[in-house]
Amino acid sequence: MSLFRQRCAAVGSVIIAICLSCCSAITLYGKQHKVTLSAVQRTSDKKFVSSIPNCSGCFFKRRVIINSHKPFSRQLKYKKTVYAIQGDITLDSDVTVPYGSIMKFEGGSLNGNGHTLTGNGTTIEAPIVPIISNVEIAGTWGEQDFYAEWFGAAGDGITDDGPAMSLALSLGNLHLLDKTYYINKTLKITSSNRRIHGGDSTLIKISSYGKKNPIILCRDISGVIIENLSLTVDGFEWRERTDNPQEDGYAEYFALRKAQVRGGLVCEYCNDFIIRNLTISYSGYGILCNMGNSHFTVKDNYIHHTMIDGIAMYTQDKHFLVEGNRIEYTCDDAISVVSTHDDNLSGECSDILVENNSIYNCYARPFIINGGENITFRNNTVSGCGLSLIYISDKTGNPKVDPLSRPHEINISDNYFEFTYPNVPVNQNNRVLIINNCDDLFFSKNVIKYKKPNEVSLANGNYIQVYNCTNSTFEGNTIDFAGFIVLGQDTRNIAFLHNVLRKSLMNAIRLENGSNIDVTENQMDKYPHEVSKRVFTVLGDVYDATVMDNHITSGDIYVSEKAKRIKSNLSGITNHNLNPNDNPNFEH
């Protein structure tokens, strides 16, 4: 007999078993198979039809209306059943819901009376009102959204909604409404494969005083999505930083609040995360990925007014995409990548891409790398920062102590930097970029429009420090009011190619130490002032330098007497003024 005929025979037997007279029909999954029921029967009242070949008993659920005057546990007899709760139920014992069933609240509620309700692949259907209280939750629950309101959350910005939100998260995904949810303690996500999401105006607000714990903490879990939320710390007082923080008491206030204020979102030892469309404000950190996280997407978030970093990646964080975020008013760095190397905890951060972010009014540095491998910072826009634009160094600061801590394979390209925004303190050290103890750096096609000269910068110059770096290239950059300075006896294999260095305050390029340095086809000119007239300088302890086909439109060239002992081919310079004591080894 064919499979089709077998199915028809089975369906026919079911029809006979259900009723003798038929007035309504439903179509099963599959062609031409129908089961007809009597007018007084409903599919939701039927047991699973297990006799139909290849149907696996999955078409009909039994429906049981719970009697609120009888013990709840004794009424849970059947698996894969809809249990309709129309009255108020109080548990008299621990209860396990039969496998694959639905708890459907139709105007009723359940008071656990301190007992445990154990799910078994259980699903909840209910309006968004309080339905479950005073109960311990255990077991497994269906893949669905759970509402904090089901467990008593008020969403009024005053009542502590933390327990209700935690209970919802213990069951499955947490769906928050367009309300303000107040929590007294950190909201901890402890289960994998969770999604916590809100609407256009969902806000989670936490008390701040005297506590450093984060608003949301994720630890040792995977497969989590956190999106469409605003996070903030209640009672945070923001003060604008000025050029004289010691005089206005800002430094003391900053130290106090930094020690006390909570962080935003903190992740530790987590994998496969998506963090997107969050607004995090008035907190410690914005997003802190601290230790051993991997495969993260941090995208399209807005982070502002943080006491510490906006987005931070620490210690063995790997495979990160940080894209499309807007970060404003961070008291520390906007985006940081920090690898630790000590006796207790160590490990490189690696494979991190930071692109298409916007950073404004950062009081420290827009981007910092302390150690790490294969890190890219590209297509970002930065405006108004208090310290160096980028800080790249090993964690220890001493490569001879820990050579493995040196950052390597770093790409900084196609970024736009300018200093035009107000309320940013003066950069006292005048180091536009600090690049220390770095290997295999590619710094390309960046535009740096540094702030116009002031008394400090005219006296000291603005410069990009390249110290003890190897195998690195600076190519195709356009830089105003700043230049490069090359330092460190371990500096070698450095190339400056096709850069446009305009209105440099001290030197467009200054070579003090290093070997095998190539300066080719750059354009250089000098900002007119009396402190320094040099545009290109070579001092002692520089070996095998090649300077060819550069175009200098203004400023003097200086090659020290000590440089006589080096082998250099300093040629190709046009429109220049040599220093009075011309070095005989300087070919032009």
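See the structure printed just above.
Residues numbered from 1 in each chain as written. Predicted model: local features only at pLDDT ≥ 70, side-chain atom pairs only at ≥ 80, totals over all residues. Heavy atoms only, no water.

S.K.: Help me understand the overall build of the chain in this model?
M.R.: Secondary structure summary: the chain contains four helices and 57 strands in total. Counting all 588 residues of the chain, 53% fall into the buried class. Counting contacts in the chain only where the partners sit at least 6 residues apart, residues at least 24 apart contribute 53% of the total. Within the structure as shown, the chain displays about 25200 Å² of accessible surface, and the carbon and sulfur contribution to it stands at 46%. (Helix = DSSP H or I, 4+ residues; strand = E, 2+ residues; numbered from the N terminus. Buried < 20%, exposed > 50% of the residue type's maximum accessible area, 1.4 Å probe, protein only. Contact = heavy atoms within 4.5 Å. Areas by Shrake-Rupley, 256 points an atom, 1.4 Å probe, with all protein chains shown as cover.)

S.K.: Can you walk me through unusual backbone geometry in this structure?
M.R.: Apart from glycine, the bulk of residues carry a negative phi angle, and the bulk of peptide bonds sit in the trans form. Unlike most non-glycine residues, N493 shows phi in positive territory, near 55°. With respect to the element layout, N493 can be found in strand β47 (residues 492-497).

S.K.: Would you explain the packing of aromatic side chains in this entry?
M.R.: Where two aromatic rings form a pair, the distance of their centres and the angle of their planes describe that pair. Enumeration according to the criterion identifies 11 aromatic pairs in this entry. Ring centres 4.8 Å apart and planes at 15° place the aromatic pair F296 and F320 in the stacked group. Of this pair, F296 sits in strand β24 (residues 294-299) while F320 is found in strand β27 (residues 318-323), placing the two residues 24 residues apart along the sequence. The residues F296 and F320 share a single accessibility class, namely buried. An aromatic cluster is present here, built from F443, F474, F484 and F496 joined pairwise through their rings. For R62, the ring lying beneath its charged end belongs to Y78, and the centroid distance is 3.7 Å. (Phe/Tyr/Trp six-rings, centres within 6.5 Å; stacked < 30°, edge-to-face > 60°. Lys NZ or Arg CZ within 6 Å of the ring centre and 35° of its normal.)

S.K.: Where do I start with the sheet that holds strand β8 (residues 109-111) in this structure?
M.R.: Backbone hydrogen bonds are what pair the strands of a sheet, in a parallel or an antiparallel way. Sheet architecture is open: three strands sit in the order β5-β8-β10, paired in parallel fashion. Edge positions in the sheet fall to β5 (88-90) and β10 (132-133), since each of these pairs with one other strand and no more. Bridge analysis of β5 against β8 gives three bridges, and the strand direction is parallel. In the sheet register, D88 faces β8, and the bridge partner there is S109. (Pairing = 2+ DSSP bridges.)

S.K.: Is there a simple way to explain the pairing of strand β22 (residues 271-283) in this structure?
M.R.: Note on strand geometry: in a regular strand, side chains alternate between the two faces of the sheet. With nine bridges connecting them, strand β20 (residues 222-234) and β22 associate as parallel partners. The residue bridging S222 from the neighbouring strand is N271, located in β22. Note: β22 against strand β25 (residues 302-306), four bridges, orientation parallel. Residue T279 lies in a different strand from β25, and its bridge partner there is Y302.

S.K.: So what exactly am I meant to see when it comes to the state of the cysteines here?
M.R.: What makes a disulfide is a covalent bond joining the sulfur atoms belonging to two cysteines. Following the criterion strictly, the structure yields zero disulfides and no others. Unpaired in terms of disulfides, C469 finds its nearest cysteine sulfur in C438, a separation of 5.3 Å. According to the relative accessible area criterion, C469 is buried, its value standing at 1%. (Disulfide = S-S within 2.5 Å.)

S.K.: Explain the nonpolar core to me, please; I cannot follow it from the model alone.
M.R.: Here is a general trend for soluble globular proteins: nonpolar side chains tend to be buried in one another's company. F72, C218, I226, F273, I335, F367 and F536 are the most contacted members of the largest nonpolar core, which has 123 residues in total. The leading source of residues in this core is helix α2 (residues 162-171), at six residues. Contacts of F72, omitting those with residues within four sequence positions, involve I66, I85, I89, L91, V95, M103 and L110. The next biggest cluster of nonpolar side chains, apart from the first, holds 13 residues, and it includes V266, L288, V338 and Y363. (Core = buried A, V, L, I, M, F, W, Y, C linked by side-chain atoms within 4.5 Å.)

S.K.: Whenever I open this one, the pattern of salt bridges confuses me. Can you help?
M.R.: Oppositely charged side chains can pair when the atoms bearing their charge come close. One pass over the full model with this rule turns up 13 salt bridges. One salt bridge connects E227 with R195, and the closest N-O pair in it is separated by 2.7 Å. One end of the pair, E227, is in strand β20; the other, R195, is in strand β17 (residues 195-197), with 32 residues separating them in the sequence. For R276, the salt bridge is made with E227, and the minimal N-O distance between the two is 2.5 Å. Within this pair, whereas R276 is found in strand β22, its partner E227 is found in strand β20, the two being separated by 49 residues in sequence. Judged by relative accessible area, R276 falls into the partly exposed class, the value being 30%. By sharing partners, the salt bridges in this structure join R63, K104 and E106 into a single network. (Salt bridge = Lys/Arg side-chain N within 4 Å of Asp/Glu carboxyl O.)

S.K.: Explanation requested: the pairing of strand β35 (residues 373-378) in the structure shown.
M.R.: For strand β32 (residues 350-355) and β35, the ladder comprises five bridges, and the chain directions are parallel. Residue pairing across strands places V354 opposite F377, the latter belonging to β35.

S.K.: Mind showing me how you'd approach the side chain of D525 here?
M.R.: Its location among the elements puts D525 in strand β51 (residues 523-526). There is no salt bridge for the buried D525, and the closest opposite charge comes from K503, which lies 5.8 Å off by N-O distance. Setting aside chain neighbours within four positions, we find D525 in contact with L501, R502, K503, S504, V535, T553 and S554. (Lys, Arg positive; Asp, Glu negative; His and termini not counted.)

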